[in-house]
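Structural overview
Letter by letter, the chains look like this.
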Amino acid sequence: MLTTFKATAKKLPGGLQVETDSRGFKILLDEPPELGGTDKGLNPVEAILCALGACQTICAAAFAQKCGVDLEDFHVEMEGDLDPDGFLDLADVRNGFQEIRFTMHFKTKSGQAAAEKLADYIESHCPVGDCLENGVKLVRAGVFVE
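Notes on the structure follow. (Residues numbered from 1 in each chain as written. Predicted model: local features only at pLDDT ≥ 70, side-chain atom pairs only at ≥ 80, totals over all residues. Heavy atoms only, no water.)

Re the sheet that holds strand β1 (residues 8-11)
Our working rule: The rule for pairing is simple: two strands pair if DSSP sees at least two bridges between them. Segments assigned H or I by DSSP are reported as helices when at least four residues long, segments assigned E as strands when at least two residues long, and all are numbered from the N terminus. With axes taken as lines fitted to C-alpha atoms, and helix axes fitted only over the stretch in contact, angles between N-to-C directions fall between 0 and 180 degrees.
Strand order in the open sheet formed by three strands is β1-β2-β3, with antiparallel pairing between adjacent strands. On the outer flanks of this sheet lie β1 and β3 (25-29), each paired with one strand and no other. Each strand of the sheet is rotated relative to its neighbour by a mean of 20 degrees, with strand direction disregarded. Taken together, the five bridges between strand β2 (residues 18-22) and β3 define a ladder with antiparallel strand orientation. For Thr20, the partnering residue across the bridge sits in β3 and is Ile27.

Re the packing of helix α1 (residues 44-63) against helix α3 (residues 112-125)
Helix packing for two helices is described by the angle between their axes and how far apart those axes are. For clarity, the threshold we go by: Note that the term roughly parallel is reserved for angles under 35 degrees, roughly antiparallel for angles over 145, roughly perpendicular for angles of 65 to 115, and oblique for everything else. By definition, any crossing whose near helix is turned counterclockwise from its far helix by less than a right angle is left-handed, and any crossing with a clockwise turn is right-handed. Any pair of residues with heavy atoms lying within 4.5 Å of one another is described as a contacting pair.
At their nearest, the axes of α1 and α3 sit 9 Å apart, and the two run at 120 degrees to each other. Here α1 is positioned oblique relative to α3, judged by the angle of their axes. In the crossing of α1 with α3, the sense of the turn from one axis to the other is right-handed. Facing Gln56, Cys59, Ala60 and Phe63 of α1, the residues of α3 in contact are Leu118, Tyr121, Ile122 and His125.

Quick look at unusual backbone geometry
Note the following rule: Burial status follows relative accessibility: with a 1.4 Å probe on protein chains alone, a residue under 20% of its type maximum counts as buried, one over 50% as exposed, and anything between as partly exposed.
Unusually for a residue other than glycine, Arg23 sits at a positive phi of about 55 degrees. Judged by its relative accessible area of 73%, Arg23 is exposed. In this structure, Asp39 is a non-glycine residue whose phi angle is positive, near 60 degrees. Here Asp39 shows up in the loop between β3 and α1.

A word on the pairing of β2
Examined bridge by bridge, β1 and β2 share four bridges and lie antiparallel to one another. By the bridge assignment, Lys10 is partnered in β2 with Glu19. The antiparallel pairing of β1 with β2 creates a hairpin that spans six residues between the two strands, and Gly14 there sits at a positive phi of about 90 degrees. In this structure, the hairpin formed by β2 and β3 is closed by a connection of two residues, where Arg23 is found at a positive phi of approximately 55 degrees.

A short note on α1
Put simply, the rule is: Expected helix span is taken as 1.5 Å per residue step, with the number of steps being one fewer than the number of residues. Picture the helix axis, draw a direction to every C-beta atom, and the arc is the one those directions span. Here a polar contact is taken to be a pair of N or O atoms separated by no more than 3.5 Å, where protein atoms must pair a possible hydrogen donor with a possible acceptor and residues adjacent in sequence count only if both atoms sit in side chains.
In this model, α1 (20 residues) spans 28 Å end to end at C-alpha, consistent with the 28 Å of a helix rising 1.5 Å per residue. All of the buried residues along α1 are Leu49, Leu52, Gly53, Cys55, Gln56, Cys59 and Ala60. The buried residues of α1 all sit within an arc of 155 degrees when viewed along its axis, so they share a single face. Among the exposed residues of α1, those pointing more than 90 degrees away from its buried face are Ile58, Ala61 and Ala62. Regarding α1, its N-cap is Asn43, as a side-chain oxygen of that residue lies 3.2 Å from the backbone nitrogen of Val45 further along.

Details of the layout of surface pockets
What counts, and what does not: Grid points spaced at 1 Å over the protein atoms alone were grouped into cavities, where a 1.4 Å probe fits but cannot get out, and pockets, open sets with protein on both sides within 12 Å along at least five of seven lines, with lining residues defined by an atom within 4 Å of a point. Grid points are joined across faces, edges and corners, and a volume is the space filled by probe spheres set on the points. Note that Gly is not counted as nonpolar here; it falls among the polar residues with everything else outside the nonpolar set of Ala, Val, Leu, Ile, Met, Phe, Trp, Tyr, Cys and Pro and the charged set of Asp, Glu, Lys and Arg.
The volume enclosed by the largest pocket comes to roughly 1100 Å³. Lining the largest pocket are 24 residues; nearest its centre among them are Phe5, Lys6, Ala7, Ser22 and Ala51. Here the lining of the largest pocket is built from residues that sort into 16 nonpolar, five polar and three charged. Taken as a whole, the second largest pocket spans an internal volume of roughly 460 Å³. Around the second largest pocket, the lining is made up of 16 residues, and of these Leu52, Ile100, Gly129, Leu132 and Glu133 lie nearest the centre. Every element with two or more residues in the lining of the second largest pocket is listed here: α1, β5 (99-108) and α4 (127-134).

Here it is in structure tokens:
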């Protein structure tokens, strides 16, 4: 059964600040000054990296016991390569990430093999990772003038 998640994004006055909202939780996004913003929040591609790391971390905590890992602590480091010249219309290059790399850090006495098993499980069950790895069909549902 599919579940529909919803969010809104609204341009704020000043620079390129955008307030996003989902279920009453708000996130302020912006761009650094060199890209025309006021640097009041993460930019959207940084938010993608954070969403991936958060999703993997949630999966680690949720599935560690199922995978036989006594997880004491977990964190993940992410980095992605993107050429901003596409976004700035300065070159005919892809606008999005070309590659995202992540490193999972487990604090556990369960050993390397158990951590690798959990890492595989995380990668196979992380919804954000799945969206990034396999792509998502984007459908413009309308354009309204108010």
